[in-house]
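Survey of secondary and tertiary structure
Now for the letters of each chain:
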Amino acid sequence: MRPSKSNRKIRRQIIPIKCKAWWKKYRFTLIITLISLAAGSIAITLTKQPLTKCGESELFLYVLDVGQGDAALLYSPDTAVLIDGGEYDNGERILDLLHALGIQRLDAVINSHPHSDHLGGLCTVLNEIPTDVVYLPRYPEELTPTGFLFEQFLETAEEKTLRLTTPVSGQSVSVGSLGLTFYQANLDTYEDLNDCSLVCRITHGDQSFLFTGDISKEAEHALIRDGYTEQANFLKCPHHGSGNSASDEFLGVVSPDFVSISAGTFNDYGHPAQACLKRLLSHTNEIYRTDLDGTILFISDGTSIRPQTHISFD
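Notes on the structure follow.

Rules used in this analysis
- Residues numbered from 1 in each chain as written.
- Predicted model: local features only at pLDDT ≥ 70, side-chain atom pairs only at ≥ 80, totals over all residues.
- Heavy atoms only, no water.
- Pairing = 2+ DSSP bridges.
- Helix = DSSP H or I, 4+ residues; strand = E, 2+ residues; numbered from the N terminus.
- Contact = heavy atoms within 4.5 Å.
- Axes fitted to C-alpha atoms, helices over the stretch in contact; angles between N-to-C directions.
- Polar contact = N/O pair within 3.5 Å; in protein donor to acceptor, adjacent residues only side chain to side chain.
- Salt bridge = Lys/Arg side-chain N within 4 Å of Asp/Glu carboxyl O.
- Buried < 20%, exposed > 50% of the residue type's maximum accessible area, 1.4 Å probe, protein only.
- Expected span 1.5 Å × (residues − 1).
- Arc of directions from axis to C-beta.
- Patch = residues over 30% accessible without salt bridge, like charges linked within 9 Å, V, L, I, M, F, W, Y side chains within 5 Å.
- Areas by Shrake-Rupley, 256 points an atom, 1.4 Å probe, with all protein chains shown as cover.
- Lys, Arg positive; Asp, Glu negative; His and termini not counted.
- Charge placed at Lys NZ, Arg CZ, Asp CG, Glu CD.
- Core = buried A, V, L, I, M, F, W, Y, C linked by side-chain atoms within 4.5 Å.

On to the sheet that holds strand β15 (residues 296–300), then. Strand order in the open sheet formed by eight strands is β7-β6-β5-β4-β3-β2-β15-β16, and the pairing between neighbours is mixed. With partners counted over all chains shown, the strands left at the sheet margins are β7 (164–165) and β16 (305–308), one partner each. Here strand β4 (residues 79–83) runs beside strand β5 (residues 108–110); their pairing, made up of three bridges, is parallel. Along β5, the bridge assignment pairs Leu82 with Val109. Helix-sheet contacts for helix α2 (residues 91–101) involve β2 (59–63), β3 (72–76) and β4, and the interaxial angle to β3 is about 10 degrees.

Take the side chain of Asp117 next. Tracing the chain through its elements places Asp117 in helix α3 (residues 116–119). In terms of polar contacts, Asp117 uses its side chain to reach the side chain of His240, at 3.1 Å. Asp117 has contacts with Gln68, Gly69, Asp70, Gly86, Glu87, Asp214 and His240, leaving out every residue within four places of it along the chain.

Okay, the sheet that holds strand β8 (residues 172–175) next. Pairing is mixed across the open sheet formed by seven strands, whose spatial order is β8-β9-β10-β11-β12-β13-β14. Edge positions in the sheet fall to β8 and β14 (287–289), since each has one partner strand and no second. Within the sheet, the average angular offset between the axes of one strand and its neighbour, ignoring direction, is 20 degrees. Across three bridges, the pairing between strand β11 (residues 207–211) and strand β12 (residues 234–236) is parallel. Bridged to Leu210 within β12 is Leu235.

Turning to the pattern of salt bridges, a few remarks are in order. As a working rule, side chains carrying opposite charge can pair if their charged atoms are close by. Summed over the entire model, instances satisfying the criterion amount to six salt bridges. Among the salt bridges present, the one from Asp132 reaches Arg105, with a minimum N-O distance of 2.7 Å. Here Asp132 is found in the loop between α4 (122–128) and β6 (134–135), whereas its partner Arg105 is found in the loop between α2 and β5, with 27 residues between them in sequence. We classify Asp132 as partly exposed; its relative accessible area is 32%. On the accessibility criterion, Arg105 (46% relative accessible area) is partly exposed. For the salt bridge of Asp291 with Arg289, the shortest nitrogen-to-oxygen distance reads 2.7 Å. Here Asp291 matches Arg289 in class, with each residue buried.

Next up on the list: helix α5 (residues 148–159). Its twelve residues give α5 an end-to-end C-alpha distance of 16 Å, which sits within 8% of 16 Å, the value for a rise of 1.5 Å per residue. Listed as buried for α5 are Leu149, Phe150, Gln152, Phe153, Thr156 and Ala157. Here the buried residues of α5 occupy an arc of 160 degrees about the axis, which is enough to place them on one side. Exposed residues pointing more than 90 degrees away from the buried face of α5 are listed as Phe148, Glu155, Glu158 and Glu159. Turning to α5, the residues buried within the fold contact α3, α4, β6 and β7. Directly beyond the C-terminal end of α5, a positive phi value near 50 degrees is found at Thr161.

Our focus in this paragraph is a negative patch on the surface. Residues Glu151, Glu155, Glu158 and Glu159 make up a contiguous surface patch of negative charge. Here Glu159 is to be found in helix α5.

Every regular strand shows the same layout, with side chains that alternate between the two sheet faces. Buried residues dominate strand β9 (residues 178–183), accounting for six of its six residues. Here β9 shows two buried faces, one formed by Leu178, Leu180 and Phe182 and the other by Gly179, Thr181 and Tyr183. As paired strands, β8 and β9 are joined by four bridges and run antiparallel to one another. Bridge pairing links Val173 to Leu180 in β9. Connecting β8 to the antiparallel partner β9 that follows it, the hairpin turn spans two residues, and Gly176 within it adopts a positive phi of roughly 60 degrees.

Here we take up the environment of Asn90. Here Asn90 shows up in the loop between β4 and α2. The contacts of Asn90, once residues within four sequence positions are left out, are Val66 and Gly85.

To continue, consider the nonpolar core. Judged by nonpolar contacts, the single largest core of 34 residues is most densely connected at Tyr62, Leu64, Leu73, Leu98 and Leu106. Elements with a minimum of two residues in this core: β2, β3, β4, α2, α4, α5 and β15. Looking at this core element by element, the count peaks at five residues for α2. In contact with Tyr62, not counting residues within four places along its chain, are Leu51, Thr52, Ala71, Ala72, Leu73, Leu97, Leu101, Thr295, Ile296, Leu297 and Ile311. Listed in part, the 27 residues of the second largest apolar core include Ile110, Phe211, Phe258 and Tyr288.

The structure is reproduced here in structure tokens:
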């Protein structure tokens with residue numbers, strides 16, 4: 001008997017979990033085999049979906065496959081918002097998508113937090129694409145990044161005279177046809193820049209999209225405590241699906257219909273973690289992963305969302 005669609009989606013998530021121990025034991029044999037296959041000109045081709053035109057009342061959300069990083073583009077006929085930019089070498093890939101869609105200006109750029117896997121590619125994009133405003137999180141002075149990428153970002157912002165804004169928690173703005181509301185966890189102490197992530201809830205008609213950066217369960221609980229969390233149809237899974245994110249309490253409040261996880265194939269962190277996947281699966285079977293699905297497109301008509309995987313724009 002053919003398994004139901006629901007069961008197939010569950011198996012799709014669980015199989016990689018069961019394979020983790022197998023992968024550790026046989027990874028070198030597998031790598032050698034793959035090299036041999038490539039040398040023998042044996043190719044495995046995934047069915048890729050070409051770019052489609054965005055309808056007048058639609059919103060396209062592209063969750064880009066940028067390896068072990070985060071980057072998402074919200075695009076409608078009158079609005080373009082970029083959230084994070086992956087690592088530095090992902091900047092050109094984001095530009096490829098913007099050019100393919102004919103986007104010549106960004107209404108807003110949101111950097112959830114200035115770690116390299118969220119900030120790096122933004123420098124390349126901001127150098128080429130005019131941008132109305134860049135939203136940044138607040139964080140303690142002692143957590144200010146000191147690396148090259150952050151310095152380059154600040155230099156780019158100064159050179160391009162970008163308007164940098166740090167919204168207060170609960171602040172709402174309108175960007176084209178979209179409503180944006182920003183939140184930040186209020187913790188007694190911040191030991192990790194991840195927990196300073198600027199969380200953003202975006203509404204399009206009756207549909208809502210929650211982007212969470214890399215917050216941990218401690219920050220999730222603080223958001224709930226302060227009344228800064230509500231239901232969302234789409235959830236960008238916190239912190240690439242780490243074991244210390246997407247707590248049951250948080251998922252119970254957000255109650256997402258769709259979840260996306262941004263993670264690199266066979267990444268060193270083991271993301272998404274088995275415990276996180278199990279929690280997600282107790283709330284929804286509509287889980288999509290860039291390590292399995294490539295670049296993912298979520299199409300909203302204001303009343304419902306439909307996903308497409310393996311989007312090609314090269």
